[in-house]
Amino acid sequence: LGQACAFQASVQPLSHGARRSSPLAATATTEEPVLTLYRDTNGWCPFCERVWIGLEKKGIPYDEKLINLQDKPQWYLDIVPTTLVPAIEWHDENWDADTPGSGALVWESKDILEAMDAKFAETPLRSADEEVAEVV
């Protein structure tokens, strides 16, 4: 049963935006998602959690697709060069919901957080103090 649930979770998108309500900042919005977060099915990956916390702190509406780390789908292996999670896909002008990898992709949690800070600068995740920012 565990593997069946993990498989279903790996192909079933979760939406954090207009189609789902939650007390969290990003999920309580009625705005359309601006990106898809690809993360682990188990919820224990610290790098995925790091990105998830950043999304919630910034209040960025997003979709979420869970990736089974023990049996990654081929489409995920094809679009993310490292084959690791997390990754995000921007819902940009090239993005097509039916074609994973059609939007701009960013992988590696630090790069994702920096991209989110660049695109949504009004709520910075890093300290304005350069010395502190480098450590974080």
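In every chain, residue numbers begin from 1 and rise along the written sequence. With pLDDT at 70 or above as the cut-off, local features in this predicted model cover only qualifying residues; side-chain atom pairs require 80 or more to be listed or tallied, and sums for whole chains, interfaces and linings still use all residues. Only hydrogens and water are removed before side-chain values are computed, so all heavy atoms of the structure are retained for them.

Engineer: Just to check I follow, could you spell out the environment of Pro61 for this structure?
Structural biologist: A run of H or I in DSSP becomes a helix once it reaches four residues, and a run of E becomes a strand once it reaches two; helices and strands are each numbered from the N terminus. Structurally, Pro61 is set in the loop between helix 2 (46-58) and strand 3 (62-67). Note: C-alpha distance between Pro61 and Val34 (27 residues apart in sequence) is 6.0 Å.

Engineer: What is the right way to read the pairing of strand 3 from this model?
Structural biologist: In summary, the side chains of a regular strand alternate between the two faces of the sheet. Residue burial is assigned from relative accessible area. The probe radius is 1.4 Å, only protein chains are included, and a residue is buried under 20% of its type maximum, exposed over 50%, and partly exposed in between. Most of strand 3 sits inside the fold, with 5 of its 6 residues counted as buried. Across 6 bridges, the pairing between strand 2 (residues 35-40) and strand 3 is parallel. Residue Thr36 lies in a different strand from strand 3, and its bridge partner there is Asp63. Handedness of a crossover: with both strands directed away from the viewer, a clockwise path from the first strand across the helix to the second marks it as right-handed. Handedness of the crossover joining strand 2 and strand 3 through helix 2 is recorded here as right-handed. For two strands to pair, DSSP has to find at least two bridges joining them.

Engineer: Before we go on, may I ask you to explain the nonpolar core in this structure?
Structural biologist: One recurring pattern in soluble globular proteins is that nonpolar side chains are buried together. Ranked by internal contacts, the top residues of the largest apolar core, which has 13 residues, are Leu35, Leu37, Val51, Leu55, Ile88, Trp90 and Met116. Put simply, the parts of the chain that give this core at least two residues each are strand 2, helix 2, strand 4 (87-90) and helix 4 (109-119). With 3 residues, the single largest contributor to this core is helix 4. Beyond its immediate stretch of four places on either side in the chain, Leu37 contacts Val51, Leu55, Tyr62, Asp63, Glu64, Lys65, Pro86, Ala87 and Ile88. Buried residues of nine kinds, namely Ala, Val, Leu, Ile, Met, Phe, Trp, Tyr and Cys, make up a nonpolar core once their side-chain atoms join them within 4.5 Å. Formed by 9 residues, the second largest nonpolar core is a distinct cluster that contains Ile67, Tyr76, Val80 and Val85. Whether two residues touch is decided by their heavy atoms; if any such pair falls within 4.5 Å, the residues are in contact.

So, to be careful, I would describe these as geometric facts and stop short of saying anything about function.
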